[in-house]
Amino acid sequence: MSGPSDNEENDCGNEDFVGYEEEGFVQLDARVSTEKVVTHDSLIAAQIEDLKKVADMLNIKLQHARTLLIQHRWDKERLFADYVEKGKEKLFLEAGVPYLVASSSELKPSELGENLSCGICFEDIEKEDSTQMDCGHCFCNDCWTQHFIINIRDGQSRRLKCMADKCGAICDEDKVLTLVGAKDPKIQQLYQRFLLESYIEDNSNVKWCPRIPHCGNAIRIECEPYCEVECICGHQFCYNCLQQAHSPCSCHMWQLWTRKCLDGSETTNWMTAHTKPCPKCQKPVEKNGGCNLVSCICGQSFCWLCGGATGRSHTWNHIQGHSCGRYEEDREKVVRAKRDLNRYIHYYSRYKSHEDSFKRETKQRETLQEKISLLEATQHEARDYSWLTNGLNLLFRARRALQYSYVFAYYMFGNELFKDDICPKQNEINQNLFEGQQQMLEGYIERLSKHIETPFETLSNDDLVSDIRLAVIGCTGITNDRCRKMYDVIENELLSSLLTTTHHIAPYSSTGPEKVSVITCPNDNMDDTLDVGEQLEDDTVFPVEQSSLGNMMGKLTVIANYDRIYTSFISCTSYSHIYHFL
């Protein structure tokens, strides 16, 4: 394996890298985090934030904003784009939002008489025993309630439509809560829970953290889905496929790799290349000698070349009474199986080697932290050892990138996945380009690991410690540059040249997967919310028990006053989180 040259090796510790220190160590990706995490009123506040944006922009009620967002999978940008393209009337009609609160063909509330006839059960009812939705249709409360309960039990809570024939309007959720709550509080709680869950289940920008056991957290992003994030529980994963962070390997490549490592396909290749089935019992037989006459444990003799049953009389060159008629394509199949097996072993062994190195270096982190704490406690002069911890952190990041780069190389240059995109000659050129970058990165990673493992705490000479410090700083800077360069080659020169397929990788970050932070939604930003103790006429208070979202405990109190929504947690012992990743 080729690596850095001798001159480059000497660069990892000389005075040429004093510049790294003077510029504030190595210029890693020190980004100001714009991610937010919702705390105890997490899910509700996050929904209200999106609902208010749409409601204010389109001048509609919050409940109608929810209907529009559910229709567009909570994608505000797509909703606003459709609003501009289709217009308000068509957009509302498709989503089931009444464009006119009371259409000309229906009675207005003021025109309803004291006695009415329900269009569903055809019973005569009084005005106070009926409910009129925003679409203008009015039916008795009993029919509305039964209609809502049946649909909620069937899982249709997010889009409860009007009962009128050919009316696709979505019913007022506040009126649904009032009617269902009076009849069956448990169904009311189920309805409220489904509305909450829609923010996660129907939202293309929000996904649960895939940690097992589940931490109860969800991640929200406002960027491309091809990114890697770290939940506050510490779990790092690819947001697009919800598997472990695997860049610079694409999601499709990683899925193929994990399936290949689990399904025993390479075991099958080995069996094809090194064994033959007995013509009598069909058990695989491995040849352990030079003679082409092979005997199975069942007693059957057969020809190793063609697999045909034979007698036992033979010479070194000929089996008596047998002429070999093996097909040429069978021989090619065996050769191909051996080649594929050797190629898989080559990449898997290197992948596994760097995985083992990463595990050992992870254990080294704790030991290193103990050494630094001991030195800071025993030394009279305060010293900064951030160069050591920063070097170790970058070593972890680069080691993982190098590990997954072998998965990328296995599929990128295998002439199978991209055989319709890249000709063999170009594939060879691409492979040489990539392997050059990969080998240089591997050399600097091993050198950085060696410098960090140096027992500097035993050195009494300050000059030697200073030399180690400069060597770690120098190797950290070069390793970071090499890792970034390998990502650039993959994304801009290899994957970008594909014609018929599209593969994306998460962008490189020297700090690894992006850590999420808390979304804060102060109450003073919610103009339409009410104070806890404030009492208004026509307000209805609904207690909602534990939600299935995460670990939300206690009760939710929802105060609904048409387009006003207020939520607060009472007796809340633990709660779920939603995270916002930008």
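What counts, and where the lines are drawn
Residues numbered from 1 in each chain as written. Predicted model: local features only at pLDDT ≥ 70, side-chain atom pairs only at ≥ 80, totals over all residues. Heavy atoms only, no water. Helix = DSSP H or I, 4+ residues; strand = E, 2+ residues; numbered from the N terminus. Buried < 20%, exposed > 50% of the residue type's maximum accessible area, 1.4 Å probe, protein only. Contact = heavy atoms within 4.5 Å. Areas by Shrake-Rupley, 256 points an atom, 1.4 Å probe, with all protein chains shown as cover. Polar contact = N/O pair within 3.5 Å; in protein donor to acceptor, adjacent residues only side chain to side chain. Core = buried A, V, L, I, M, F, W, Y, C linked by side-chain atoms within 4.5 Å. Salt bridge = Lys/Arg side-chain N within 4 Å of Asp/Glu carboxyl O. Pairing = 2+ DSSP bridges. pLDDT = per-residue confidence, 0-100. Disulfide = S-S within 2.5 Å. Axes fitted to C-alpha atoms, helices over the stretch in contact; angles between N-to-C directions. Parallel < 35°, antiparallel > 145°, perpendicular 65-115°, else oblique. Phe/Tyr/Trp six-rings, centres within 6.5 Å; stacked < 30°, edge-to-face > 60°. Lys NZ or Arg CZ within 6 Å of the ring centre and 35° of its normal.

Colleague: Mind showing me how you'd approach the overall build of the protein chain here?
Modeller: Helices and strands together make up the secondary structure of the protein chain, namely 15 helices and 20 strands. Relative to its full complement of 582 residues, the protein chain shows a buried share of 45%. Once local pairs closer than 6 in sequence are excluded, the contacts in the protein chain between residues at least 24 apart make up 62%. Carbon and sulfur atoms make up 48% of the accessible area of the protein chain, which amounts to about 30,300 Å² in all.

Colleague: Honestly, the side chain of Thr145 in this entry has me stumped. Any pointers?
Modeller: Turning to its location among the elements, Thr145 is positioned in helix H7 (residues 141-153). For Thr145, a relative accessible area of 6% translates into the label buried. Separated by 2.7 Å, the side chain of Thr145 and the backbone oxygen of Asn141 make a polar contact.

Colleague: Sorry, what's going on with the environment of Met412 here?
Modeller: Mapping Met412 onto the fold places it in helix H13 (residues 386-412). The exposure class assigned to Met412 is buried, which follows from its relative accessible area of 1%. For Met412 and Leu494, which are 82 residues apart along the polypeptide, the C-alpha to C-alpha distance reads 8.5 Å. Those residues within four positions of Met412 in sequence are excluded, and the remaining contacts are Met253, Phe418, Ile422, Asn427, Leu494, Leu495 and Leu498.

Colleague: I'm lost on unusual backbone geometry in this one. Help?
Modeller: Among all residues save glycine, negative phi is the norm, and among peptide bonds the norm is trans. Of note, the amide linkage connecting Ile212 to Pro213 takes the cis form, showing an omega dihedral of 0°. In this fold, Pro213 is placed in the loop between strand E6 (206-208) and strand E7 (217-221). The peptide bond linking Ser247 to Pro248 adopts the cis configuration, its omega dihedral lying at 10°. Counting through the fold element by element, Pro248 comes out in the loop between strand E9 (236-238) and helix H10 (251-263). Residue Phe122 is not a glycine yet carries a positive backbone phi of 60°.

Colleague: Which parts of the structure should I look at to understand the nonpolar core?
Modeller: Looking at soluble globular proteins, one finds that nonpolar side chains tend to be buried together. Ranked by internal contacts, the top residues of the largest apolar core, which has 52 residues, are Trp257, Phe408, Met412, Phe434, Ile452, Ile490 and Leu494. For this core, the secondary structure elements donating two or more residues are H10, helix H12 (328-378), H13, helix H14 (424-452) and helix H15 (462-494). Considering every element that reaches this core, the biggest residue donor is H13, with 17 residues. If you look at the next biggest cluster of nonpolar residues, it comprises 27 residues, including Cys138, Cys140, Ala164 and Leu195.

Colleague: Could you clarify how one ought to interpret the pattern of salt bridges in this entry?
Modeller: Any two side chains of opposite charge can pair, given that their charged atoms come close. Scanning all chains against the criterion turns up ten salt bridges. A salt bridge links Glu94 to Lys86, with the nearest nitrogen and oxygen atoms 2.9 Å apart. Between Arg399 and Glu446 there is a salt bridge whose closest N-O contact spans 2.7 Å. Of this pair, Arg399 sits in helix H13 while Glu446 sits in helix H14, and the two are 47 residues apart along the sequence. By relative accessible area, which is 1% here, Arg399 ends up buried. Here the salt bridges do not stand alone but share partners, grouping Glu49, Asp50, Lys76 and Arg220 into one network.

Colleague: Sorry if this is basic, but what is going on with the sheet that holds strand E12 (residues 293-295) here?
Modeller: Whether parallel or antiparallel, the strands of a sheet pair through hydrogen bonds between backbone atoms. Read across the sheet, three strands follow the order E12-E13-E14 without closing on themselves; strand pairing throughout is antiparallel. Unpaired on one side and paired on the other, E12 and strand E14 (309-310) mark the two borders of the sheet. Relative to E14, strand E13 (residues 301-303) runs antiparallel, the two sharing two bridges. Bridging from a neighbouring strand, Phe302 pairs with Ala309 of E14.

Colleague: Help me out: how do you make sense of the confidence of the model for the protein chain in this one?
Modeller: Atomic detail in the predicted coordinates should be set aside for any region of low pLDDT. Residues at a pLDDT of 70 or more form 72% of the protein chain, whose mean pLDDT is 75. Contacts for the low-pLDDT stretch residues 30-40, under 50 throughout, to residues beyond four places or in other chains number 44 contacts. Across residues 101-110 the pLDDT falls below 50, and counting only partners more than four positions away or on other chains, this stretch makes 16 contacts in the model.

Colleague: Hey, could you run me through the environment of Gly96 in this one?
Modeller: Looking at where Gly96 falls in the secondary structure, it is placed in the loop between helix H6 (88-95) and strand E2 (115-117). Residue class for Gly96 comes out buried when judged on its relative accessible area of 4%. Considering only alpha carbons, one finds Gly96 and Cys162, 66 residues apart in sequence, at a separation of 9.4 Å.

Colleague: Just checking my understanding: could you explain the sheet that holds E9 for this structure?
Modeller: The strand order E9-E8-E15 describes an open sheet built from three strands, whose pairing is mixed. At either margin of the open sheet sits one strand with a lone partner, and together these are E9 and strand E15 (514-515).

Colleague: Please explain the state of the cysteines as it appears in this structure.
Modeller: A covalent bond bridging the sulfur atoms of two cysteines is what the word disulfide describes. Under the definition given, this model contains zero disulfides. Free of any disulfide, Cys135 has its nearest cysteine sulfur in Cys162, 3.8 Å distant. Judged by relative accessible area, which is 10%, Cys135 ranks as buried.

Colleague: Hey, could you run me through the packing of helix H8 (residues 173-183) against helix H9 (residues 185-201) in this one?
Modeller: To characterise two packed helices, one gives the angle between the axes of the helices and the distance between these axes. Two numbers describe how H8 lies on H9: the axes approach to 6 Å, and their chain directions differ by 150°. On the basis of the axis angle, H8 is roughly antiparallel to H9. Contacts between H8 and H9 pair Glu173, Val176, Leu177, Val180, Gly181 and Lys183 from the former with Pro185, Ile187, Gln188, Tyr191, Gln192 and Leu195 from the latter.

Colleague: Just to check I follow, could you spell out the packing of aromatic side chains for this structure?
Modeller: Two aromatic rings are characterised by how far apart their centres lie and by the angle between their planes. Within this structure, the stated rule accounts for 22 aromatic pairs. On the basis of an interplanar angle of 50° and a centroid distance of 6.5 Å, the ring pair of Trp254 and Tyr351 is categorised as tilted. Of this pair, Trp254 sits in helix H10 while Tyr351 sits in helix H12, placing them 97 residues apart in sequence. You can call Trp254 buried: its relative accessible area is 3%. Owing to a relative accessible area of 7%, Tyr351 belongs among the buried residues under this scheme. The interplanar angle of 35° and the centroid separation of 6.3 Å between the aromatic rings of Tyr348 and Tyr351 together place this pair among those described as tilted. One end of the pair, Tyr348, and the other, Tyr351, are both in helix H12, three residues apart, so they sit about a helical turn from each other. Here the aromatic cluster, defined as three or more aromatic residues joined through ring pairs, consists of Trp254, Trp257, Tyr344, Tyr347, Tyr348, Tyr351, Tyr404, Tyr406, Tyr410 and Tyr411. Between the NZ or CZ atom of Lys207 and the centre of the ring of Tyr239, over which it lies, the distance is 4.8 Å. Directly above the aromatic system of Tyr410 lies the positively charged group of Arg343, at a separation of 4.7 Å from the ring centroid.

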